[in-house]
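Understanding the architecture of this molecule
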Amino acid sequence: VRMQSLLRTDAERNGFTFVAQPKVDRDGHAVGVELLMRWSTPAFGNVSPVEFIPMAEKTGLIGLMGRHALHAAAQLVRRGQDAGHPFTVAVNLSPKQLLQRGLEQQLMVACQRAGIRPDQIELEITESAQVDNMAVVEPLLRRLREIGYTLALDDFGTGYSSLSYLRHLPFNKIKIDRSFVMDIDHDSRAAKLLAHMVQLCAALGMSTVAEGVETQAQFEALRDLGVQEFQGYHFARPMPIDQWLLRLEDEA
Ligand code: G
Ligand code: G
Ligand code: MN
Ligand code: NA
């Protein structure tokens, strides 16, 4: 209860920070980042999003917090442009945000305030029982895609209705869950599943991103299977925004 009231206070005053984890292309060049929310409190120290995001969903604070994340994403796109090194920024959306009204408007306001175009923002959406009403979510996602946002299905393969998502929802890309990636170089079933996921996505016109890449061997195996983008500790851990911007300068 105490933690909940701290969360409310910080949701109201935007007391969160964000870190950025790079995504790289097949050559290992960074093409964008995923923005991840961080919360630090005097009483509880750093609280993991695995703990505070569900709390935010349960208490209804996720709407407000999600809005902060959208602004942070749009502002970061802006900083990349201003620095002369444009990159995409992915932001995680809670299923609750999809079901609340106003997401499209919130995104528009965030882009307008930052002076950026929607095509530099990626929206990461995880499979969830809350979103299995495709009739509600499908038209929203279709509109968002038409406006120009990139839609990514997060943690693919771990939810209970993955194929139904692929069938009904207009994703541009699929992020293959790290549980598949982890086992790719020593478990032939994981490798076969992954190979066919990549082919399936290609057949449906979607690109694939591998999450949780931790070794060069995994990177090479994934590249051989045709995966287009990669993310994981092998390339970079989530880092403070300023560190990411410095790194970008160095790489250029
Ligand atoms: O940041 P970390 O790697 O610990 O993330 C743990 C989980 O929290 C991931 O599933 C991630 O998607 C989620 N998460 C991190 N930041 C955000 C955010 O801004 N919004 C939502 N909805 N989830 C987030
Ligand atoms: O569910 P989502 O993909 O949004 O979660 C992102 C989470 O994955 C973050 O908590 C991030 O720290 C974690 N993560 C990113 N790369 C790696 C990795 O290579 N290995 C592991 N174990 N976790 C990772
Ligand atoms: Mn994600
Ligand atoms: Na994920």
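The sections below set out a description of the structure shown in this document. From a predicted model like this one, the values you see are computed outputs, not experimental measurements.

1. Quick look at the site of ligand 2
By nearness alone, 14 residues border ligand 2, and Asn92, Gly212, Glu214, Gly232 and Tyr233 come closest of all. In terms of residue class, the shell around ligand 2 is made up of four nonpolar, five polar and five charged.

2. Section: the nonpolar core
Residues Leu35, Ala73, Ala74, Val89, Val91 and Ile176 are the most contacted members of the largest nonpolar core, which totals 63 residues. Broken down by element, the residue count for this core peaks at nine residues, all from helix α3 (residues 62–82). Sequence-distant contacts of Ala74, defined by excluding residues within four places in its chain, comprise Ala110, Cys111, Arg113, Ala114, Ile116 and Ile121.

3. Describing the packing of α3 against helix α5 (residues 103–114)
Where α3 meets α5, the closest approach of the two axes is 9 Å, and the angle between their N-to-C directions is 35°. Every pair of crossing elements has a handedness; the one defined by α3 and α5 is right-handed. Taking contact as the criterion, the partners of Arg67, Leu70, His71, Ala74, Gln75, Val77 and Arg78 in α3 are, on α5, Gln106, Leu107, Ala110, Cys111, Arg113 and Ala114.

4. Notes on helix α9 (residues 188–203)
In an α-helix, one turn spans 3.6 residues, which is why side chains three or four residues apart end up on the same side. Along its 16 residues, α9 runs 22 Å from first to last C-alpha, staying within 8% of the 22 Å computed at 1.5 Å per residue. Here α9 has its buried residues at Leu194, Met197, Val198 and Cys201. Along α9, the residues classed as buried sweep out an arc of 100° about the axis, all on the same side. Turned more than 90 degrees away from the buried face of α9, the exposed residues are Ser188, Arg189, Lys192, His196 and Ala203.

5. Considering the site of ligand 1
All residues adjacent to ligand 1 are Leu36, Met37, Ser48, Pro49, Val50, Ile53, Ala69, Asn92 and Ser94. In terms of residue class, the shell around ligand 1 is built from six nonpolar, three polar and no charged.

6. Section: the environment of Ala190
Within the secondary structure layout, Ala190 lies in helix α9. For Ala190 and Ser40, which are 150 residues apart along the polypeptide, the C-alpha to C-alpha distance reads 37 Å. The contact partners of Ala190, leaving out residues within four places of it in the chain, are Phe180, Asp183 and Ile184.

Rules and cut-offs
- Residues numbered from 1 in each chain as written.
- Chains lettered and ligands numbered in written order.
- Predicted model: local features only at pLDDT ≥ 70, side-chain atom pairs only at ≥ 80, totals over all residues.
- Near = placed C-beta within 6 Å.
- Nonpolar A, V, L, I, M, F, W, Y, C, P; charged D, E, K, R; others polar.
- Core = buried A, V, L, I, M, F, W, Y, C linked by C-beta atoms within 7 Å.
- Buried ≥ 20, exposed ≤ 12 C-beta atoms within 10 Å, placed from the backbone.
- Helix = DSSP H or I, 4+ residues; strand = E, 2+ residues; numbered from the N terminus.
- Contact = placed C-beta atoms within 7 Å.
- Axes fitted to C-alpha atoms, helices over the stretch in contact; angles between N-to-C directions.
- Left-handed = near helix turned anticlockwise from the far one by under 90°.
- Expected span 1.5 Å × (residues − 1).
- Arc of directions from axis to C-beta.

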